[in-house]
Amino acid sequence: MRLVVNEPGLFLGTRGGVITVSKGGEKKLEVPVAKVDVVVVLTRGASFSSALIRLLSKHSVPVVFYSPFGLPVSICRGLTAGSVALRKKQYEVQGSEAGFRLAKLFAEGKLLNQASLLYSMARNREVSDPPLAKRLHEACRLVRDVVRRVRELDVGKGGREEVIRLEAEAAKIYWDGVKQALSKVVDFPGRRKRFESPSDPVNVSLNYLYRVLAGECLVNVEACGLDPYAGFLHAESPRRPALVMDVMEEFRQQVVDRVVFRLAFERKLDGIVEGRRLRREARMMLYRAFAERLNTSVTFLNRSLPISEHILLQVRRLCEYIMGRSEYTPFVL
């Protein structure tokens, strides 16, 4: 389970291998450390005892601190053994044909999940709005055609830059379809990233949860011994962990987009933005929905597991691919 700290004034301590949560001397929660996978801190003003930090470190339970914008600002965890051979191989594979294949697979996973979500929205509207369903089916077909073109690429046909260009082409088709699907329930102007300062609730929610998802992927990438800044699809930057961005591509639609679109259709995004920022209670609502989705069991490669465990397994499969031990299959539902 993930232990979420979302209320100022909470004190977290430990007694006999049990995590205790209290406020003003009143006990709020007790949970055995063995049942906790990660501690997520979404608020200011919470306190941790040094004994609890030692206990969490001993059991390899990370504590992830998020900013009000959903950005992971710190990860507190115990010391882990180095993985020199894995990292050396990671840097070696970056510039190889195997690395280019990884870049294509990350993009392919993202695009197939976009097509899957468009198809799902189209099917749900075949009776209530046949013209819209037809347009969404066509968008799904166009995205799948881009997937075919990505698969046909080789290193001599533009390399990673061409993969990124095709990914952007599919993104335009996808977000145009999403805009049409959401038009009757919310004002969605199309996809706007954080640096574009969106004010609509859909984009603000997407940007918040994408950063939370990045934190989830970062925890797993570091736990497996990979360098989070040495990616294969995204360009290297000291300001952005490229490999984390690569890994999360496969999970954007199946985790974040599905959550935000569902909340939009349920009219739960009304009034959640104030001054281009999410209200505090809105952040808590979005995170609860995000965590619920992560805990949802889905079947991938014949294994039915919570999505959070699939993320970890995908990173482990990535390690195996980098070491030349197995092929890599992108996460697609």
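Preceding block: the structure.
### Remarks on the overall build of the chain
Across its full length, the chain carries 10 helices and 12 strands. Radius of gyration (C-alpha) of the chain: 21 Å, near the 20 Å computed for a compact globule of 333 residues. Over its C-alpha atoms, taken along the principal directions, the chain stretches across nearly 60 × 50 × 35 Å. In the chain, which comprises 333 residues, the proportion classed as buried is 53%. A separation of at least 24 residues holds for 63% of the contacts in the chain among residues at least 6 apart in sequence. For the chain, the exposed surface amounts to about 15700 Å²; the carbon and sulfur share of it is 51%.

### Concerning helix 1 (residues 50–58)
Residues of helix 1 that are buried include every one of Leu52, Leu55 and Leu56, and no others. Along the long axis of helix 1, the arc covered by the buried residues comes to 95°, so they all point the same way. In helix 1, the exposed positions that point more than 90 degrees away from the buried face belong to Ser50, Arg54 and Lys58. On its buried side, helix 1 packs onto strand 2 (11–15), strand 3 (18–23), strand 5 (38–41), strand 6 (47–48) and strand 7 (63–66). One or two residues past the end of helix 1 sits Ser60, with phi positive at roughly 55°.

### What to know about the pairing of strand 3
Strand direction decides the pairing type here: strand 2 and strand 3, joined by five bridges, are antiparallel. Within strand 3, the position partnered with Leu12 by the bridge is Val21. Between strand 2 and strand 3, which pair antiparallel and follow one another directly, the connecting turn spans two residues, one of which, Gly16, has a positive phi of 60°. Hairpin connection of strand 3 to strand 4 (residues 26–32): two residues between the antiparallel strands, including Gly24 at a positive phi of 60°.

### Comments concerning the packing of aromatic side chains
This structure, assessed with the given rule, holds eight aromatic pairs. Aromatic side chains Phe48 and Phe65 sit 6.2 Å apart centroid to centroid with 65° between the ring planes, which places their arrangement in the edge-to-face category. Highlighted residues: Phe48 in strand 6 and Phe65 in strand 7, separated in sequence by 17 residues. Here Phe65 falls in the partly exposed class, since its relative accessible area comes to 27%.

### What about the side chain of Gln253?
Relative to the helices and strands, Gln253 resides in helix 8 (residues 252–265). Those residues within four positions of Gln253 in sequence are excluded, and the remaining contacts are Lys110, Asn113, Gln114, Leu117, Tyr174 and Arg258.

### A few points about the packing of helix 3 (residues 97–123) against helix 8
Running from amino to carboxyl end, helix 3 crosses helix 8 at an angle of 35°, the nearest separation of the two axes being 9 Å. For helix 3 against helix 8, the interelement crossing comes out right-handed. Contacts from Lys110, Asn113, Gln114, Ser116, Leu117 and Ser120 in helix 3 reach Arg252, Gln253, Gln254, Asp257, Arg258 and Phe261 in helix 8. Across the contact of helix 3 with helix 8, the residue classes tally to two nonpolar, six polar and four charged.

### Some remarks on the pairing of strand 2
Across two bridges, strand 2 lies against strand 6 in parallel orientation. When the bridges of strand 6 are listed, Leu12 appears paired with Phe48.

### Regarding the sheet that holds strand 7
Strand order across the open sheet formed by four strands is 1-5-7-8, with mixed pairing between neighbours. Edge positions in the open sheet fall to strand 1 (2–5) and strand 8 (72–76), since each of these has one partner strand only. In this sheet, neighbouring strand axes are inclined to one another by 20° on average, regardless of whether the strands run parallel or antiparallel. Inspection of the sheet shows strand 7 paired to strand 8 by four bridges, in the antiparallel sense. Bridge pairing in strand 8 places Val63 opposite Cys76.

Cut-offs applied
- Residues numbered from 1 in each chain as written.
- Predicted model: local features only at pLDDT ≥ 70, side-chain atom pairs only at ≥ 80, totals over all residues.
- Heavy atoms only, no water.
- Helix = DSSP H or I, 4+ residues; strand = E, 2+ residues; numbered from the N terminus.
- Rg over C-alpha atoms; globule rule 2.2 N^0.38 Å.
- Buried < 20%, exposed > 50% of the residue type's maximum accessible area, 1.4 Å probe, protein only.
- Contact = heavy atoms within 4.5 Å.
- Areas by Shrake-Rupley, 256 points an atom, 1.4 Å probe, with all protein chains shown as cover.
- Arc of directions from axis to C-beta.
- Pairing = 2+ DSSP bridges.
- Phe/Tyr/Trp six-rings, centres within 6.5 Å; stacked < 30°, edge-to-face > 60°.
- Axes fitted to C-alpha atoms, helices over the stretch in contact; angles between N-to-C directions.
- Left-handed = near helix turned anticlockwise from the far one by under 90°.
- Nonpolar A, V, L, I, M, F, W, Y, C, P; charged D, E, K, R; others polar.

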